[in-house]
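Summary of structural features
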Amino acid sequence: MTEFESKTGELQDRRDSAPGEEHISEHETAGGLSGYVLGFGLAILLTIASFLAARTDLIYQPAVISALVVLAVAQMGVHLVFFLHLTTGPDNTNNILALAFGVLIVALVVLGSIWIMAHLNENMAAMTPHQAGTMP
């Protein structure tokens, strides 16, 4: 965060601003109305591509899930850059770190749950036909 000159000609100190209060310049790729329109267009294209991948035979069927995951990650990137203005600039360091920490926590929860369920499945005793018949 740096000092910049406002329209009135006075210097404003932006070092004390909280994360998310940074000034978005219209000259940035994701700034201004054109940035929102570009992000909206990209989001629509990615959504249409996802529906085409799922509903047509354009993609080899076993690879559809991978294609949908790639398109979903691209969609998240578009939303982060064009709507949440999360860029690699020095003003967004705190936001990037918060996002990375959130991704780490979600990955730990998902991978930990999968690991626990896999071990439970391997270590459960086999069910007899009588026990299976008494299940609701």
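If you're wondering where the values come from, they're calculated on a predicted model, not measured in any experiment. (Residues numbered from 1 in each chain as written. Predicted model: local features only at pLDDT ≥ 70, side-chain atom pairs only at ≥ 80, totals over all residues. Heavy atoms only, no water.)

Looking at the packing of helix α1 (residues 32–55) against helix α2 (residues 64–83)
This is how the line gets drawn: Interaxial angle, 0 to 180 degrees, is taken between N-to-C directions of lines fitted to C-alpha atoms, where a helix line uses only the stretch in contact. Secondary structure elements follow DSSP: runs of H or I no shorter than four residues count as helices, runs of E no shorter than two count as strands, and numbering proceeds from the N terminus. When an angle is under 35 degrees it counts as roughly parallel; over 145 it counts as roughly antiparallel; between 65 and 115 it counts as roughly perpendicular; any other value is oblique. Under the convention adopted here, Pro, Cys and the residues Ala, Val, Leu, Ile, Met, Phe, Trp and Tyr are nonpolar, Asp, Glu, Lys and Arg are charged, and Gly plus all remaining residues are polar.
Interhelical geometry of α1 versus α2 gives an angle of 170° and a closest axis separation of 10 Å. In terms of orientation, α1 lies roughly antiparallel with respect to α2. The residue inventory of the contact of α1 with α2, partitioned by class, reads 16 nonpolar, six polar and no charged.

Quick notes on the confidence of the model for the protein chain
Formally: Each residue carries a pLDDT score, the predictor's own confidence in it, on a scale running from 0 to 100.
Of the residues in the protein chain, 77% reach a pLDDT of 70 or more, and the chain-wide mean stands at 82. Ranking the elements of the protein chain by mean pLDDT puts strand β1 (residues 3–5) last, at 53, and α2 first, at 93.

Points about the packing of aromatic side chains
We count it as follows: The rule is short: rings of Phe, Tyr and Trp, with Trp giving its six-membered ring, pair when the centres are within 6.5 Å, and they are stacked under 30 degrees, edge-to-face over 60, tilted in between. Only protein chains enter the accessibility calculation, which uses a 1.4 Å probe; a residue is then buried when its area is under 20% of its type maximum, exposed when over 50%, and partly exposed in between.
Tallied over the full model, the rule gives one aromatic pair. Measuring from centroid to centroid gives 6.2 Å for Tyr36 and Phe83, while their planes differ by 20°, and the two rings are stacked. With Tyr36 in helix α1 and Phe83 in helix α2, the pair connects residues that are 47 residues apart, well separated along the chain. Phe83 gets classed as partly exposed once you look at its relative accessible area, which sits at 27%.

Regarding α1
Under the convention used in this document: Here, expected helix span is obtained from the residue count minus one, scaled by 1.5 Å. Contacts between residues were defined by any pair of non-hydrogen atoms, one from each residue, lying within 4.5 Å.
For α1, built from 24 residues, the straight-helix expectation of 34 Å at 1.5 Å per residue is met to within 8% by its first-to-last C-alpha distance of 35 Å. When α1 is considered as a whole, its buried residues turn out to be Gly32, Gly35, Gly39, Ala43, Leu46 and Ala53. Where α1 is buried, its residues touch α2.

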